[in-house]
Amino acid sequence: MSEPRFVLAVDQGTTSTRAMVLDHAGEVVASHQLEHEQVLPRAGWVEHDPMEIWRNTRIAIGAALTAADTSAAHVAALGITNQRETTVVWDRRTGEPVCNAIVWQDTRTQRVVEELAAEPGPDGEPLGVDRFREVCGLPLATYFAGPKLRWVLDNVPGVRERAEAGDLLFGTVDSWLVWQLTGGPAGGVHVTDVTNASRTMLMDLRTLAWDPDTCATLGIPVSMLPTIRSSSEVYGEVKVDSVLTGVPVAAALGDQHAATLGQACFTPGAAKNTYGTGNFLLLNTGATPVDSQNGLLTTLGWKLGEAEPVYALEGSIAVTGSLVQWLRDNLGLIRTAAEVEELARSVEDNGGAYFVPAFSGLFAPYWRPDARGALVGLTRYVTKGHLARAVLEATAFQTRDVVEAMLADAAASGLEVSELRVDGGMTVNDLLMQIQADLLGVPVVRPRTGETTALGAAYAAGLAVGFWGSTQEIADHWQEGSRWEPELDEERRAAEIRRWSRAVERSLDWVEES
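Sequence order sets the numbering: in each chain, residues are counted from 1 along the sequence as written. Local features in a predicted model are, by the rule used here, given only for residues with pLDDT of at least 70; side-chain atom pairs are given and counted only at 80 or more, and totals for whole chains, interfaces and linings are based on all residues. Note that water and hydrogens are dropped before the side-chain values are worked out from all heavy atoms of the structure.

Peer 1: Would you mind showing me how to read the pattern of salt bridges here?
Peer 2: It is possible for side chains bearing opposite charge to pair when their charged atoms get close. Note on definitions: salt bridges are taken to be side-chain nitrogens of Lys or Arg within 4 Å of carboxyl oxygens of Asp or Glu. Throughout the structure, instances matching the rule amount to 35 salt bridges. One salt bridge in this structure joins arginine 368 and aspartate 509, with 3.0 Å as the shortest N-O distance. Of this pair, arginine 368 sits in the loop between β19 (354-356) and β20 (374-376) while aspartate 509 sits in the segment after α16 (490-507), and the two are 141 residues apart along the sequence. Burial here depends on accessible area, computed with a 1.4 Å probe over protein chains only, as a share of the maximum for the residue type. Under 20% is buried, over 50% is exposed, and the range in between is partly exposed. Using a relative accessible area of 26% as the deciding quantity, one classes arginine 368 as partly exposed. We note a salt bridge from arginine 400 to aspartate 401, for which the minimum N-O separation is 3.8 Å. Aspartate 401 sits in the buried class, given a relative accessible area of 9%. Overlapping salt bridges bring together Arg84, Glu85, Arg199, Asp255 and Glu314 as one network. Think of it this way: any DSSP run of H or I at least four residues long counts as a helix, any run of E at least two long counts as a strand, and we number them from the N terminus.

Peer 1: Explain the sheet that holds strand β5 (residues 75-82) here, please?
Peer 2: Sheet strands pair via backbone hydrogen bonds, and the direction of the pair is either parallel or antiparallel. Note on pairing: two strands pair once DSSP finds at least 2 bridges between them. Taking strand neighbours across the sheet as the criterion, the six strands line up as β3-β2-β1-β5-β14-β13 in an open arrangement whose pairing is mixed. Strand pairing shows two members of the sheet lacking a second neighbour, β3 (28-35) and β13 (232-237), which therefore form its edges. Averaged over all neighbouring strand pairs, the angle between strand axes comes to 25°, with direction disregarded. Relative to strand β14 (residues 248-254), β5 is paired through five bridges, and the arrangement is parallel. Residue pairing in the sheet places leucine 78 in a bridge with valine 249 of β14. Should any heavy atoms of two residues lie within 4.5 Å, those residues are counted as being in contact. The axes are straight lines fitted to the C-alpha atoms, using for helices just the contacting stretch, and the angles between their N-to-C directions are given from 0 to 180°. With respect to the sheet, helix α1 (residues 50-67) is in contact with β1 (6-12), β2 (16-23), β3 and β5, its orientation differing from that of β3 by roughly 150°. Against the sheet, helix α14 (residues 452-465) engages β1, β2, β5, β13 and β14, with an angle of about 140° to β14.

Peer 1: Just checking my understanding: could you explain the packing of helix α10 (residues 321-329) against helix α12 (residues 384-410) for this structure?
Peer 2: Pairs of packed helices are described in terms of their axes, by the angle between the two and the distance that separates them. At their nearest, the axes of α10 and α12 sit 9 Å apart, and the two run at 160° to each other. On the basis of the axis angle, α10 is roughly antiparallel to α12. The element α10 and its partner α12 pack so that their crossing is right-handed. Here Leu323, Val324 and Leu327 of α10 come into contact with α12, specifically with Ala388, Val391 and Ala394. Each angle receives one of four descriptions, namely roughly parallel if under 35 degrees, roughly antiparallel if over 145, roughly perpendicular if within 65 to 115, and oblique otherwise. What makes a crossing left-handed is the near helix being turned counterclockwise from the far one by less than a right angle; a clockwise turn instead makes it right-handed.

Peer 1: Can you walk me through the UniProt feature "binding site: ADP" (unreviewed entry) in the chain in this structure?
Peer 2: UniProt positions are given in the numbering used here, feature names are shortened, and annotations may be inferred rather than shown by experiment. The feature "binding site: ADP" (unreviewed entry), as annotated in UniProt, sits at Thr14, Arg18, Thr277, Gly321, Gly425 and Asn429 in this numbering. Taking the farthest pair of C-alpha atoms as the criterion, the annotated set spanning 416 residues is dispersed, since that pair is 23.1 Å apart. Within the secondary structure, threonine 277 is located in the loop between β15 (271-275) and β16 (279-286). We classify threonine 277 as partly exposed; its relative accessible area is 38%. Ignoring anything within four residues of it in the chain, the contact list for threonine 277 reads Gln105, Ala318, Val319, Thr320, Gly321 and Ser322. Structurally, the position occupied by asparagine 429 is in the loop between β21 (420-423) and α13 (430-440).

Peer 1: It is not clear to me how helix α2 (residues 110-118) should be interpreted in this structure. Could you clarify?
Peer 2: Residue pairs three or four apart in sequence face the same way in an α-helix, which turns once every 3.6 residues. Residues of α2 that are buried include every one of Val112, Val113, Leu116 and Ala117, and no others. Looking straight down α2, one finds that the buried residues subtend no more than 130° of arc, so they occupy a single side. This arc is built from the directions going out from the helix axis to the C-beta atoms.

Peer 1: What is the right way to read the nonpolar core from this model?
Peer 2: Considering soluble globular proteins, one finds that nonpolar side chains tend to be buried as a cluster. In this text, buried Ala, Val, Leu, Ile, Met, Phe, Trp, Tyr and Cys residues form a nonpolar core when linked through side-chain atoms within 4.5 Å. Counting residues in hydrophobic clusters, the biggest one holds 106 residues, and the most contacted among them are Tyr143, Leu149, Val152, Met203, Met224, Leu225 and Val356. A per-element tally of this core places α12 first, with twelve residues. Beyond its immediate stretch of four places on either side in the chain, methionine 224 contacts Val89, Leu149, Leu153, Ala163, Leu168, Leu169, Phe170 and His190. If you look at the next biggest cluster of nonpolar residues, it comprises 35 residues, including Ala60, Ala64, Val88 and Trp90.

Take a look at the structure:
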């Protein structure tokens, strides 16, 4: 039998599922992508059908292998990267989900979050949104999987009883796919990796184990939870009747962690920002978790096999690329997302207009669910070109806020961000990238290969089976594509940042507490 020549990555995202065949040089040989339905039962609710995601995964894998003109015999391993926090609960005997997956964007758990924050501590004062942060690195928020699982247990008829009887399993999408691929009801492996586990609020960041006290507080039976494993090891083989039967399933990482790995951010201080529907900025902080005092999340970067875990600070921004979509779909100022750059280039600056896109509150570093979108500084002079520019600048300003918070948190460790590596759909916008460099005051660098998320999953799987020998070999694959140097002088940068901060202040306190 010939030596395996490829690694296959499944990138299961918020809107679609992609399978990609990659060679030893980290180049994409073939891929196939399928979208899935966004189920929106009511305001604030976002769901996916887990069975549709599973079907699409199998179809995408088969189509990608066919496009690459290869077969399982030539695939060294399969790695999975996934939308994080999205919550699936299913029957361990039948494989049937008890309800649709509750997506990371879903806000139905706001009441759960508020109730947990309002519970009194020993001094009689509310415990607040940081009551679990010391253990899990996260504030109480609708974003994370733990409160979503609590909602399913409390609101789907019969689920709590079935869970306490040991009949149900919980997992983020990585767990769901690994379980299905490795046999499903006939003996599927029920695991998750440290990166996905770190997004549940249920894992102790330092022990990398489920925290029994947090689980008890949220009323979650530990028997439902998957075994926590590293991000790069063989979990099992594909056993379901499939074109990949026998291939090791050897990696799982949340999408943003996979992108950080794919960007070869292996040294403390290395940072990447993914520009998509929202933005996700991760800073490698090394072998020790950094407790954030500035509104960031402390999370796992990854754990590669038996090596020490790598930690990160993360800033999650809710609305960036989706703001361009809003400009197109809701206002009709552009016909395609790509037109926003041309429109923004028609003016020299924002004309005094600043856009704070807090459509469902502000994420990092503010964590203000009461905020709502604000467009300020308008005069008769402002044109649609200025609005387009303000839309792009909103993404860059929000990113700059997160970087500043990271630098404040990491100051004691002596970490500095010397450049920002970027990926995601919005990075094709050269004007945005220049604005970003100008507001940060450091270079912005886009790699030659844009598929960093799938690449990270492939690298982790390949490392687990020896397809690649070391992280240094992976780092050697990374190649710079484009670089933007800052051009804005310090005085102008400071003035822009001051005006942005005033705009943010005006977006707050719009929603009364429920």
